[in-house]
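Notes for the structure review
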Amino acid sequence: MATRRDFLRGCAGVAVAAAAGAVAEPARARETYKVPPEALGLLYDATLCIGCKACVAACKRANDNPPEFSTPEQLWDTPLDTSGYTYNIIKAYRSGNGATKDAETDGYAFMKTSCMHCADPSCVSACPVSAMQKDPVTGIVAYDPDACIGCRYCVVACPFGIPKYQYDSPTGRIGKCELCRHRHKDGHYSACAEVCPTGATLFGATSDLLAEAKRRLALKPGSTATFPRGHLRPGQERLLAGGEDGKGLRRRQGWRAEPDQNYEAVVGNYVQHVYGETEYGGTQVLKLSAVPFEKMGQPSLPPTSSAASSETIQHSLYGGLIMPVVVLGALAFVARRNVVPEDDGAGHGKGEDKR
Amino acid sequence: MSSHPHAAPAPVGGSLINTTTLVVGALVALMAGIILYRLIYGLGAVTNLNDGYSWGIWIAVDVVIGSAFACGGFSVALLVYIFNRGHYHPLVRPALLASLMGYTLAGVGVIFDLGRWWNVWHMFWPGYWNPNSVMLEVALCITAYVFVMWIEFSPVFLEKLGRTDIKGKLEKVLFFVIALGVLLPAMHQSSLGTLLVVAGQQVHPLWQTPALPLIYLLTAITMGYGVVLFESCVASSAYRRSIETHLLTPLAKVMLGVLAAYLVVRVVDLLWRGALGLAFAPTREALFFWLEMAAFVAPFFIVGSAAARANPAKLFLAGIAIMAGGTLLRLNGFLIGFDTGPGWNYFPAAPELLVTLGMFAAEVLGYIVITRRFPVLPREDAVPATL
Ligand code: SF4
Ligand code: SF4
Ligand code: SF4
């Protein structure tokens, strides 16, 4: 006869347990991570880029990737987008008659697409088996094919559409820019920056690159200024002062000696925004452009990362497994009272409802 | 105690070879062939997957929707064992069996979607775990639930084998297994929604919200009841059995209650985030949003009155409406409202569709074989089934 009461008791028990679990594990919102102080990255300045695609070719070579064809003759490596075999690509923007470089209307412009090495990467948060990892010092987001199960959650998660899978292969892997981390031990930095004839792609410590970007934004458009090529030196110095650990040793070797490659060029008519300074908490690859970033295919992202939202939900519910264990206890308690052995073949709860 | 004990479950009996089993058997064989081809030639050889839509129907339908369809066991157990509605007990075994089939296949099937499937054991090796990953939680939870369900269901096999000794021991701890069997699906059904949170604004605002876990959980529960309505009607007509209307009628009322709670959560969330306006834009997303909402609201019109709830045909229709609503909600989040930028399109390839069909066929086959040979459905002294 105790039916309605039992029912309510069941509801109340589970609700109380869930509430207790929620209190025991106070909802600690996970803050969006910041770019690590020693982070490495790139600065891409669309106003300097001439669209020569030397960086695309250099990236292919550095990463041992095959050419991809999009023309009938199949002569040239002509990828149309990044893919499992193309980690870096230069895309073109065109409007109206496409006459003027870096003009929003009746103009054209170039934009680099490659991994942004986010401060708070969605791909790292998503990957179930830690195959995507962010180096705590350099901040480089690295991929480990030996750990990867090929679930492609990283592909779904990344706001820039960067990780790509090799669908044509039975043993396909994820392909994405890793800032040429495999070349660092030989003193080589990112191949795209190393080869760029105009300094449109520049390698360095992200903090230095950000300072350089801000310097450019402060220059008078149309005036002449000095632009570095290859990599930014101050970052090298800072890394040279690295610790005694293995990584410090590697980094203390520094990058290979190069002649000073600074040159004079005309200052572009920049949009007053360093793309990547605040997006999703910041990215280690920064971008400058004269055409609004959204028109250049760069998503406008809030300063808080989706990884932080996702992990806040996940850890408020399951942090330390406290809530699940408390709820399980309550469920087991209630179920114990309501499960009766089925020996009689009938099997019904002892609080059988008579309607 | 009960004034009228329930009929004990008994095998339906009858032949295992008939038109239905031959057709579903052929579909299963076809699926096996396609999967073999995929393992040799890669995902691209049989699917239309691309980097804009890296998850196709094998994830969105087979796993996300398939597992929600398989929530009958969870929803009925919740009602019977937690809310002590013992009179629904005859529904437990058939619902659990359907869930068992659905989840086992979703769990096994997802392996063939993995691009580097030989590493799948990393999911179960703590050294590789990333505790921040929603997918890790989903995968571990679903795997654990599949085991829990087989244990929950094992009395059926033990009865058949006459091993009452083991069955007796098992029943002493069954309450704990049942508690797990309620907790685990609650966890991963909500997390299947959370999966989308990290994708940020690639998911249309109508389906991207921090309330996703609650939205997915509530709809999974209602879908569980919807599936029970659907299944009971199908099983009754296929096996020429009488319909358990005395159970399904009140069940439909419970279903409407959960559904009402869901609709409140859904609308309040949309208003709260100021996203409801997007539902009135002339977009494909808005159209699918309204289709989804229509399917969720339809049951109130179909079985809103007590008289309608006594009508098996209407119960069946209400079940289908709920299943359609839950399906659309998930398709909308994972595919239709998912946009990685211009230039990407996805529509499943024929072999991809055949594999999904094969998965559902395998579930039906398993259900038929087990209900005909093992004590699942309540005993009934009717004419032997012929189908
Ligand atoms: S190498 Fe430099 S200038 Fe040439 S396309 Fe790449 S970024 Fe632009
Ligand atoms: S751009 Fe994408 S792939 Fe690169 S770190 Fe950010 S989330 Fe990961
Ligand atoms: S595809 Fe590989 S790297 Fe990407 S999330 Fe899955 S396991 Fe991680």
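Above this note sits the structure.
Each chain carries its own residue numbering, running from 1 in the direction its sequence is written. Here the convention is simple: chains get letters from A, ligands get numbers from 1, in the order in which they are written. Local features in this predicted model are restricted to residues of pLDDT 70 or higher, and side-chain atom pairs are both shown and tallied only at a pLDDT of 80 or more, whereas totals for entire chains, interfaces and linings draw on every residue. To obtain the side-chain values, all non-hydrogen atoms of the structure were used and water was disregarded.

Assigned secondary structure in chain B consists of twelve helices and zero strands. Under the DSSP-based scheme used, a helix requires at least four consecutive residues in state H or I and a strand at least two consecutive residues in state E, with every element numbered from the N terminus. Mapped from its N terminus to its C terminus, chain B presents α and β elements in the order α-α-α-α-α-α-α-α-α-α-α-α. Throughout, radius of gyration means the C-alpha value; the globule benchmark is 2.2 Å times the number of residues raised to the power 0.38. In terms of C-alpha radius of gyration, chain B reaches 21 Å, essentially the compact-globule figure of 21 Å for 387 residues. The proportion of buried residues among the 387 residues of chain B is 59%. It only takes one pair of heavy atoms within 4.5 Å for two residues to be counted as in contact. Sequence-distant contacts in chain B: of pairs separated by 6 or more residues, those separated by 24 or more amount to 80%. Side-chain charges in chain B split into 21 positive and 18 negative, and the spacing between the mean points of these groups amounts to 8 Å. Relative accessible area decides the class of each residue, using a 1.4 Å probe on protein chains only: under 20% of the type maximum gives buried, over 50% gives exposed, and in between gives partly exposed. Neither His nor the chain termini are counted; the positive set is Lys and Arg, and the negative set is Asp and Glu. Charge positions are represented by NZ for Lys, CZ for Arg, CG for Asp and CD for Glu.

So, on to the state of the cysteines. Our working definition of a disulfide is a cysteine sulfur pair at a distance within 2.5 Å. With the rule as written, the count across this model stands at zero disulfides over all chains. Just so you know, A:Cys177 is unpaired, no disulfide at all, and the nearest cysteine sulfur is the one on A:Cys115, 5.5 Å from it.

Counting residues at the interface gives 78 residues for chain A and 74 residues for chain B. A quick way to say it: buried area is the sum, across both parts, of accessible area lost when two parts are put together, with a 1.4 Å probe. Interface area for chain A against chain B, summed over the two sides, is near 6,400 Å², with a carbon-plus-sulfur share of 58%. We count a salt bridge whenever a side-chain nitrogen from Lys or Arg sits within 4 Å of a carboxyl oxygen from Asp or Glu. At the surface where chain A touches chain B, the tally comes to one salt bridge. As a salt-bridge pair, B:Asp113 and A:Arg152 come within 2.9 Å of each other at their nearest N and O atoms. What qualifies as a polar contact is a pair of N or O atoms within 3.5 Å, subject to a donor-acceptor requirement within protein and to the restriction that residues adjacent in sequence count only when both atoms come from side chains. For the interface between chain A and chain B, the tally reads 34 residue pairs in polar contact (both at pLDDT 80 or more).

With that settled, the discussion passes to the site of ligand 2. Neighbouring residues are identified by heavy atoms, a residue being near a molecule or strand if any of them is within 4 Å of it. Inspection of the region around ligand 2 gives 13 residues, with A:Cys115, A:Met116, A:Cys118, A:Cys123 and A:Cys158 positioned closest. The residue classification treats Ala, Val, Leu, Ile, Met, Phe, Trp, Tyr, Cys and Pro as nonpolar and Asp, Glu, Lys and Arg as charged. All others, Gly included, are polar. Grouping the amino acids of the shell around ligand 2 by side-chain chemistry returns ten nonpolar, two polar and one charged.

Moving on: the site of ligand 3. Around ligand 3 sit 14 residues in total, of which A:Cys127, A:Cys148, A:Cys151, A:Arg152 and A:Cys154 are the nearest. In the shell around ligand 3, the residues fall into twelve nonpolar, one polar and one charged.

All names here are of chain A. Any two strands are treated as partners once DSSP identifies two or more bridges connecting them. Strand order in the open sheet made by the three strands is S9-S1-S12, with mixed pairing throughout. Of all the strands in the sheet, the pair left with one neighbour each is strand S9 (201–205) and strand S12 (285–288). Taking each pair of neighbouring strands and ignoring which way they run, the sheet shows an average axis angle of 20°. Judged from the four bridges that link them, strand S1 (residues 40–45) and S12 form a sheet pairing that is parallel. Its bridge partner being in S12, aspartate 45 is matched across the sheet by leucine 288. Angles here are taken between N-to-C directions and fall from 0 to 180 degrees, while the axes themselves are lines fitted to C-alpha atoms, restricted in helices to the stretch in contact. Packed on one face of the sheet, helix H6 (residues 206–218) meets S1, S9 and S12 and runs near 130° to S9.

On to the sheet that holds strand S4 (residues 107–113) of chain A. Taken in spatial order, the three strands make up an open sheet running S2-S4-S3 (chain A), and their pairing is mixed. Looking at the sheet topology across the chains shown, the edges are occupied by strand S2 (89–94) and strand S3 (100–101) of chain A.

Moving on, we come to the layout of surface pockets. With a 1 Å grid spanning the protein atoms alone, the term cavity applies to any set of points in which a 1.4 Å probe fits but cannot get out, the term pocket to an open set with protein on both sides within 12 Å along at least five of seven lines, and the term lining residue to any residue with an atom within 4 Å of a point. Grid points are joined across faces, edges and corners, and a volume is the space filled by probe spheres set on the points. Considered as a void within the structure, the largest pocket measures approximately 970 Å³ in volume. What lines the largest pocket is a set of 37 residues, and nearest its centre among them are A:Gly297, A:Pro299, B:Thr340, B:Gly341 and B:Pro342. Of all the secondary-structure elements, those providing two or more residues to the lining of the largest pocket are S2 and S4 of chain A. The element that contributes the greatest number of residues to the lining of the largest pocket is S4(A), accounting for five residues. Here the lining of the largest pocket is built from residues that sort into 15 nonpolar, 13 polar and nine charged.

With that settled, consider the packing of aromatic side chains. Two aromatic rings from Phe, Tyr or Trp, using only the six-membered ring of Trp, form a pair when their centres are within 6.5 Å; if the ring planes differ by under 30 degrees the pair is stacked, by over 60 it is edge-to-face, and anything between is tilted. With the rule as written, the count across this model stands at 23 aromatic pairs over all chains. Ring plane angle 75° and centroid distance 5.6 Å describe the contact between B:Phe153 and B:Phe157, whose orientation is recorded as edge-to-face. A residue pair is termed a helical-turn pair when its members lie 3 or 4 positions apart in one helix, as B:Phe153 and B:Phe157 do in helix H5 (residues 134–161) at four residues. Ring centres of B:Tyr262 and B:Phe296 lie 4.9 Å apart, and the angle between their planes is 55°; on these two criteria the pair is classed as tilted. A residue pair is termed long-range when its members are at least 10 positions apart, and B:Tyr262 in helix H8 (residues 245–272) and B:Phe296 in helix H9 (residues 284–302) qualify at 34 residues. The same class applies to B:Tyr262 and to B:Phe296, which are both buried. One aromatic cluster is present, built from ring pairs that chain together B:Trp150, B:Phe153, B:Phe157 and B:Phe374. Charges are assigned to positions over rings by a cutoff of 6 Å between ring centre and Lys NZ or Arg CZ, combined with an angular limit of 35 degrees from the ring normal. Taking the ring centre of A:Tyr33 as reference, the NZ or CZ of A:Arg30 above it sits at 3.7 Å. Directly above the aromatic system of A:Tyr263 lies the positively charged group of A:Arg229, at a separation of 4.2 Å from the ring centroid.

Before going further, it helps to examine the pattern of salt bridges. This structure, assessed with the given rule, holds 20 salt bridges over all chains. When salt bridges with common partners are traced through the structure, they connect A:Asp45, A:Glu212, A:Arg215 and A:Arg216 into a single cluster.

Moving on, we get to helix H7 (residues 212–238) of chain B. Multiplying one less than the number of residues by 1.5 Å gives the expected span of a helix. Taking 1.5 Å per residue as the helical rise, H7(B) with its 27 residues ought to reach 39 Å, and the 37 Å between its terminal C-alpha atoms agrees with that figure. Where H7(B) terminates, the next one or two residues include B:Arg240, which has phi positive at roughly 50°.

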